[in-house]
Amino acid sequence: VKIGFIGLGIMGKPMALNLAKAGHALRVYDVRPEPIGVLAAAGAAAAASPADAARGAELVITMVQNSPQVREAVLGPAGVAEGIAPGALYVDMSSIAPAASREIAAALAAKGVAMLDAPVSGGEPKAVAGTLAIMAGGAPEDFERAKPVFAAMGSSAVLCGGVGAGNVVKLANQVIVAVNIAAMSEAFVLAAKAGVDPGRVYDAIKGGLAGSAVLDAKAPKVLAGDYRPGFRIDLHIKDLKNALETARDSGAPLPLAASVLEMMEALSAEGKGAEDHGGLIQRYERLGGVLARAGRAERA
Ligand code: NAD
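Keep in mind that this is a model prediction, so the values were computed, not measured.

Residues in contact with the ligand amount to 27 residues; listed here are only the nearest, M11, D30, R32, Q65 and K238. Measuring from an oxygen atom of the ligand, one finds a backbone N or O atom of S95 at 2.9 Å. A total of 840 Å² of accessible area belongs to the ligand in isolation, and the protein chains cover 93% of it. Those elements that place two or more of their residues in the shell around the ligand are helix 4 (67–75), helix 7 (123–129) and helix 12 (233–250). Among the elements that make up the shell around the ligand, the one with the highest residue count is helix 4 (3 residues). In terms of residue class, the shell around the ligand is built from 12 nonpolar, 8 polar and 7 charged.

With that settled, consider the pairing of strand 2 (residues 25–29). Where strand 1 (residues 2–6) and strand 2 come together, 5 bridges link them in parallel fashion. By the bridge assignment, I3 is partnered in strand 2 with L26. Traced from strand 1 through helix 1 (residues 12–21) to strand 2, the parallel crossover comes out right-handed. Examined bridge by bridge, strand 2 and strand 3 (residues 45–46) share 2 bridges and lie parallel to one another. Within strand 3, the position partnered with V28 by the bridge is A46. As for the winding sense of the linkage, the β-α-β connection from strand 2 through helix 2 (residues 33–41) to strand 3 is right-handed.

F5, M15, I61, Y90, M93 and F150 are the most contacted members of the largest nonpolar core, which has 56 residues in total. Once residues within four sequence positions are removed from consideration, I61 is found in contact with I3, G4, F5, I6, L19, V91, M93, V149 and M153. Listed in part, the 35 residues of the second largest apolar core include V189, L215, A219 and Y227.

Before going further, it helps to examine the packing of helix 9 (residues 165–193) against helix 14 (residues 281–288). Between helix 9 and helix 14, the least distance of the axes is 9 Å, while the angle of their chain directions is 35°. With respect to the hand of their crossing, helix 9 and helix 14 are arranged in right-handed fashion. Along the contact surface, helix 9 presents A182, S185, E186, F188, V189 and K193, while helix 14 presents I281, Y284, E285 and G288. Residue composition of the contact of helix 9 with helix 14, grouped by class: 5 nonpolar, 2 polar and 3 charged.

Rules behind the numbers
Residues numbered from 1 in each chain as written. Predicted model: local features only at pLDDT ≥ 70, side-chain atom pairs only at ≥ 80, totals over all residues. Heavy atoms only, no water. Near = heavy atom within 4 Å. Polar contact = N/O pair within 3.5 Å; in protein donor to acceptor, adjacent residues only side chain to side chain. Areas by Shrake-Rupley, 256 points an atom, 1.4 Å probe, with all protein chains shown as cover. Helix = DSSP H or I, 4+ residues; strand = E, 2+ residues; numbered from the N terminus. Nonpolar A, V, L, I, M, F, W, Y, C, P; charged D, E, K, R; others polar. Pairing = 2+ DSSP bridges. Right-handed = clockwise from strand over helix to strand, strands pointing away. Core = buried A, V, L, I, M, F, W, Y, C linked by side-chain atoms within 4.5 Å. Buried < 20%, exposed > 50% of the residue type's maximum accessible area, 1.4 Å probe, protein only. Contact = heavy atoms within 4.5 Å. Axes fitted to C-alpha atoms, helices over the stretch in contact; angles between N-to-C directions. Left-handed = near helix turned anticlockwise from the far one by under 90°.

Shown next, in the form of structure tokens:
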């Protein structure tokens with residue numbers, strides 16, 4: 001398939017590399033030149049703008065930060081909308097507000113271009129491995145067209161409803177992840193304060209009911225004090241804000257997600273927004289006056 005790919009960051013770069021490896025013909029673009037070079041070395045053509053990346057493509061993918069960046073790349077000057085052919089399919093894989101997905105889909109429909117929103121879960125390791133979980137919204141026939149392309153990037157792709165549904169599911173995912181990280185942080189600080197090594201907490205409970213994919217992905221790093229991203233706190237703030245905005249629009253209460261958002265905002269204000277979201281534990285450590293690291297306990 002001839003694919004235009006826009007946005008080659010932590011996620012987009014390995015996703016595009018997997019598409020190239022699977023034999024798809026790629027034209028790639030990012031506002032930063034560095035990752036374009038990496039893709040060119042893997043056989044992709046370098047494009048000069050999103051419109052240029054979209055030219056001649058059967059399917060165009062964006063993987064940028066949030067709604068404003070998707071709007072800019074698609075509807076802005078030299079955007080995808082200027083280069084994409086009627087009948088081609090546009091797939092936004094960024095995590096953005098569902099309402100923005102629906103707006104962008106309506107603007108493209110006027111040009112005869114169909115859209116799927118298809119955000120992902122799994123983070124950088126699964127982007128590299130090509131085993132992302134893909135949650136899509138759009139028409140079933142468009143989802144069928146995208147499936148062979150999704151297969152090179154993910155190990156599952158589920159159609160969740162019309163355009164915007166993929167991002168609703170992604171927000172649900174981000175609420176679950178955020179609240180899990182907060183619960184883990186609270187529990188590790190409790191153990192450290194009560195005189196038990198938090199590393200033992202993880203070892204002892206990971207196979208029980210409290211065990212989870214979030215715990216397995218985040219506990220080993222957090223227990224070593226390693227907050228390199230991964231998934232940056234500022235991106236999780238973006239997702240929780242989109243979740244709260246969507247909750248306001250639909251009348252859903254999100255008391256726990258709202259509380260985690262406040263803690264993440266405080267960390268970001270301290271200059272920690274570029275750290276991994278596992279760094280949330282630092283808020284709890286400060287509240288408790290203790291470091292919750294493997295091998296440490298306050299009272300033994
Ligand atoms: P990132 O900031 O590393 O990458 C975004 C890329 O988009 C950057 O390279 C940036 O230069 C480029 N970009 C921005 N505006 C552009 C424009 N107008 N035209 C062309 N390129 C543009 O972010 P990321 O971590 O790769 O995340 C991308 C999306 O995937 C986000 O919506 C994020 O929430 C979501 N996501 C991230 C993870 C993760 O673990 N990092 C996991 C799942 C989903």
